[in-house]
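# Structure at a glance
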Amino acid sequence: MRAVIFALIATTTTVGCGSKSDKTDPSVTKTEEAVKQDITKATDKVTEVAVRTGHEADDKATEALNAANAAKVDVKAAANAVEADLKVAHDATREKLQEAFDATDRRYIALKASAAKATGAAKTRADAAAAEAKTHEADVMAGIAKLRTTTGAEWDAAKVRLDADTASLAKSLDNFEAALK
């Protein structure tokens, strides 16, 4: 591109300047029409190079865009695969938590049956412990339900909260059992 511009400048300044027209060899002097043709040819060549360079730049930009789009597709596919694996792991964890809750619930029902037979001060302590256990049981059930509908960091936070609620329920059932003795 620089060479073409240099040739254009050199052609117009050497031939068309006219400062040495009286001292130059008449056979070297070009006619005005020949100079115009040379300028037109040089301009056409510059335009051709510019168009070709523009097409090459467009082609490279298109290639880069295609590569970026392909990378986005690859990233999306990988994210979908990770999400699917995570969903399977979350489902398995939720099922284990549900099974553990079911066992705890069976223990709670057995303790309530024992509390129904209690009398006097033992009944009062057992009723208070049963009320506390019922509150924690509701928290655990809500936590398990929340795990069914959440994903990502929200799922992790719900799982941490559920673990704390499960520990509280276990402790309240231990208290309930102790109140019955």
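The model shown is predicted, which means the values in this text are computed figures rather than measured ones. (Residues numbered from 1 in each chain as written. Predicted model: local features only at pLDDT ≥ 70, side-chain atom pairs only at ≥ 80, totals over all residues. Heavy atoms only, no water.)

Quick look at the overall build of the protein now. When helices and strands are counted, the protein shows four helices and zero strands. Reading the protein from its N terminus to its C terminus gives the helix and strand order α-α-α-α. Here the protein holds 181 residues, and 19% of them are scored as buried. (Helix = DSSP H or I, 4+ residues; strand = E, 2+ residues; numbered from the N terminus. Buried < 20%, exposed > 50% of the residue type's maximum accessible area, 1.4 Å probe, protein only.)

Attention shifts here to the environment of lysine 123. Structurally, lysine 123 is set in helix H3 (residues 120–149). Overall, lysine 123 belongs to the partly exposed group, its relative accessible area being 30%. It is 8.3 Å that separates the C-alpha atoms of lysine 123 and alanine 179, two residues lying 56 residues apart in sequence. Discounting chain neighbours no more than four positions away, the residues touching lysine 123 are Ala115, Ala116 and Ala118. (Contact = heavy atoms within 4.5 Å.)

This paragraph deals with the nonpolar core. Counting 19 residues, the largest nonpolar core has Val140, Leu147, Leu162, Leu173 and Phe176 as the members making the most contacts within it. Only helix H2 (32–117), H3 and helix H4 (152–179) provide two or more residues apiece to this core. (Core = buried A, V, L, I, M, F, W, Y, C linked by side-chain atoms within 4.5 Å.)

On to the confidence of the model for the protein, then. The predicted coordinates ought not to be read in detail in places where the model reports low pLDDT. When pLDDT is averaged along the protein, the result is 82; 83% of the residues meet or exceed 70. Predicted confidence in the protein is weakest over helix H1 (residues 2–16), with a mean pLDDT of 57, and strongest over H4, with 92. (pLDDT = per-residue confidence, 0-100.)

Compared with an ideal rise of 1.5 Å per residue, which puts 28 residues at 40 Å, H4 spans 41 Å between its outermost C-alpha atoms and is within 8% of the ideal. When we look at burial in H4, the residues that qualify are Trp155, Ala158, Lys159, Leu162, Asp165, Leu169, Ser172, Leu173, Phe176 and Ala179. As for H4, its buried residues are in contact with H2 and H3. (Expected span 1.5 Å × (residues − 1).)

A separate point is the environment of threonine 104. Within the secondary structure, threonine 104 sits in helix H2. Taking the C-alpha atoms as reference points, threonine 104 and threonine 166, 62 residues apart in sequence, are found 9.1 Å from one another. Among all residues touching threonine 104, those that are not within four sequence positions of it are Leu169 and Leu173.

Here the focus is H2. Its 86 residues give H2 an end-to-end C-alpha distance of 124 Å, which sits within 8% of 128 Å, the value for a rise of 1.5 Å per residue. Of the residues making up H2, those classed as buried are Val35, Ala42, Val46, Val49, His90, Arg94, Leu97, Phe101, Tyr108, Leu111 and Ala115.

For the rest of this paragraph, the subject is the packing of H3 against H4. Running from N to C, H3 and H4 cross one another at 165 degrees; their axes reach a closest spacing of 8 Å. When the interaxial angle is binned, H3 and H4 end up roughly antiparallel. Between H3 and H4 lies a crossing whose hand is left-handed. Its residues placed into classes, the contact of H3 with H4 shows 15 nonpolar, six polar and eight charged. (Axes fitted to C-alpha atoms, helices over the stretch in contact; angles between N-to-C directions. Parallel < 35°, antiparallel > 145°, perpendicular 65-115°, else oblique. Left-handed = near helix turned anticlockwise from the far one by under 90°. Nonpolar A, V, L, I, M, F, W, Y, C, P; charged D, E, K, R; others polar.)

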